[in-house]
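Summary of the model geometry
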Amino acid sequence: MKLLVVIAFVAYVASAVWGNFVNIRSIQENGEQKIENKIEEAVAPLREKIRDLEKSFIQKYPPVKFLSEKDRKRILITGGAGFVGSHLTDKLMMDGHEVTVVDNFFTGRKRNVEHWIGHENFELINHDVVEPLYIEVDQIYHLASPASPPNYMYNPIKTLKTNTIGTLNMLGLAKRVGARLLLASTSEVYGDPEVHPQSEDYWGHVNPIGPRACYDEGKRVAETMCYAYMKQEGVEVRVARIFNTFGPRMHMNDGRVVSNFILQALQGEPLTVYGSGSQTRAFQYVSDLVNGLVALMNSNVSSPVNLGNPEEHTILEFAQLIKNLVGSGSEIQFLSEAQDDPQRRKPDIQKAKLMLGWEPVVPLEEGLNKAIHYFRKELEYQANNQYIPKPKPARIKKGRTRHN
Ligand SMILES: NC(=O)c1ccc[n+]([C@@H]2O[C@H](COP(=O)([O-])OP(=O)(O)OC[C@H]3O[C@@H](n4cnc5c(N)ncnc54)[C@H](O)[C@@H]3O)[C@@H](O)[C@H]2O)c1
């Protein structure tokens, strides 16, 4: 009997303890649930904010065509962060190709191609073409070289190295991977021409020791190298002799007549004309040039082709036109003539018309208005960033050594 009472008592105590335990658990679980709910309530808006931020960081690229594997090319553009190169990058990207830009940012800027950074078809490599490059490509647009007189005269030895060693390196790459190479040559290979207009069979009139020689002769030998590689190694080459080109993304310190006049007119400074102003120039808009480069690359024309706008104007006419388009009250100031400044420059583009079906289509005023808009924005941008670049003076050795 006693045993039965003890067992009943133990059973009673055990059930009471178990009951309490279950109650405590459920209270605890309820508490945890409440805390979780509170945390969830606090975190939900944060999660929403992170989602919004992520969305705003998703890069929006310009529209790109889809090309099948067969039609899509791997294209290298040396100097692709420069003025012409960045417009060429835009065209080839939008056409659906894979583009690798190689640039040492001497005169190029990341800003010119930043709208493609992160795109699966685009790559930007900080590299100097004076050093060899090992990549796999189908086509090479070889544009790397300073192009405007203040830039190529700044360090003439480097200009020579870029145009000679740099071109050899790119031809070597073309040979190794079986790529076609297009050289961005220049109308400067004609020097101060004795024939007018200049057609491709004119050999030129260049002063080999003048201040422009590093560029003019650099490009002339670059052309020679292209044809040596073509004849000796079977490399497919295309040579574009580019005449003066203008448009958005030109350098503020380009130093050539269009950018000089626009900047002077926008800032109310006198428009500086070297000599009498009767010397002529012909300018093409950058989109015309880019279309010409692509047409030439994909043609079967291996000999040099002029790409330029044959509409010739005197420097004085340009000054007046730009003054009017800007609506500027600037006066025109005459300065002494620059050394080796060509008197006349006008391309003969019969060959491009006939063999590429190409000719410039953008009217001068339309192009100038776009360039004026660009320079106006650049001035605002630089004023906001407290930075106005001035043309660099040419480097003159004063016993200081420097690695070129
Ligand atoms: N713009 C014109 O009117 C014009 C006329 C004739 C020929 N061209 C030729 O077209 C090409 C492009 O000219 P642009 O007006 O765009 O000039 P640019 O100065 O804007 O572009 C040249 C690009 O090459 C890069 N570069 C220079 N040296 C390099 C090196 N060693 N390694 C790697 N990158 C280097 C620069 O940083 C720059 O991005 C040049 O080869 C130029 O000679 C231009």
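Each value, and the rule that gives it
- Residues numbered from 1 in each chain as written.
- Predicted model: local features only at pLDDT ≥ 70, side-chain atom pairs only at ≥ 80, totals over all residues.
- Heavy atoms only, no water.
- Phe/Tyr/Trp six-rings, centres within 6.5 Å; stacked < 30°, edge-to-face > 60°.
- Helix = DSSP H or I, 4+ residues; strand = E, 2+ residues; numbered from the N terminus.
- Buried < 20%, exposed > 50% of the residue type's maximum accessible area, 1.4 Å probe, protein only.
- Near = heavy atom within 4 Å.
- Polar contact = N/O pair within 3.5 Å; in protein donor to acceptor, adjacent residues only side chain to side chain.
- Areas by Shrake-Rupley, 256 points an atom, 1.4 Å probe, with all protein chains shown as cover.
- Axes fitted to C-alpha atoms, helices over the stretch in contact; angles between N-to-C directions.
- Left-handed = near helix turned anticlockwise from the far one by under 90°.
- Contact = heavy atoms within 4.5 Å.
- Nonpolar A, V, L, I, M, F, W, Y, C, P; charged D, E, K, R; others polar.
- Expected span 1.5 Å × (residues − 1).
- Bend = angle between axes of the 7 residues up to and from the residue.
- Salt bridge = Lys/Arg side-chain N within 4 Å of Asp/Glu carboxyl O.
- pLDDT = per-residue confidence, 0-100.
- Core = buried A, V, L, I, M, F, W, Y, C linked by side-chain atoms within 4.5 Å.

**Observations concerning the packing of aromatic side chains**
Scanning the model with the defined rule gives eight aromatic pairs in all. Ring centres of Y152 and Y215 lie 4.3 Å apart, and the angle between their planes is 0°; this geometry places the pair in the stacked category. With Y152 in helix α3 (residues 149-154) and Y215 in helix α5 (residues 213-233), this pair connects stretches of sequence that are 63 residues apart. Look at Y215 and you get buried, because its relative accessible area is 7%.

**Observations concerning the site of the ligand**
Close contacts around the ligand come from 31 residues, with V84, D103, T107, Y215 and K219 the closest. A distance of 2.9 Å separates an oxygen atom of the ligand from a polar backbone atom of G108. At 2.8 Å, a side-chain N or O of H251 approaches an oxygen atom of the ligand. Taking 820 Å² as the accessible area of the ligand by itself, protein coverage stands at 99%. Of all the secondary structure elements, the ones that give two or more residues to the shell around the ligand are α2 (83-94), β5 (180-186) and α5. Of all the elements, β5 adds the most residues to the shell around the ligand, at three residues.

**Digging into the packing of α2 against helix α7 (residues 286-297)**
At a minimum axis distance of 10 Å, the contact between α2 and α7 shows a crossing angle of 65°. Remark: the crossing between α2 and α7 carries right-handed chirality. Residues F83, V84, H87, L88, K91 and L92 of α2 pack against V286, L289, V290, N291, L293 and V294 of α7. The residue inventory of the contact of α2 with α7, partitioned by class, reads nine nonpolar, two polar and one charged.

**Some thoughts on helix α4 (residues 156-177)**
Residue pairs three or four apart in sequence face the same way in an α-helix, which turns once every 3.6 residues. Given a rise of 1.5 Å per residue, 22 residues ought to cover 32 Å, and the 31 Å separating the end C-alpha atoms of α4 matches this to within 8%. At T162, α4 is deflected by roughly 25°, the largest bend along its length.

**Quick look at the pattern of salt bridges**
One pass over the structure, following the stated rule, counts 20 salt bridges. D71 is paired through a salt bridge with K70; the nearest N and O atoms lie 3.4 Å apart. Overall, K70 belongs to the exposed group, its relative accessible area being 72%. Several salt bridges converge on common partners, so that one network encompasses K65, K91 and D95.

**A closer look at the confidence of the model for the protein chain**
Looking at the protein chain, the pLDDT average stands at 89 and 87% of residues meet or exceed 70. Counting contacts from residues 400-404, a segment whose pLDDT is below 50, to residues more than four positions away or on other chains yields nine contacts.

**Here we look at the nonpolar core**
Ranked by size, the top nonpolar core spans 62 residues in total, and within it Y141, F246, F261, L293 and L307 carry the most contacts. Once residues lying within four places of it in the same chain are set aside, the contact partners of L307 are A240, R241, I242, F243, Q284, L289, G292, L293, A352, L356 and W358. Formed by 21 residues, the second largest nonpolar core is a distinct cluster that contains A144, L181, A222 and V235.

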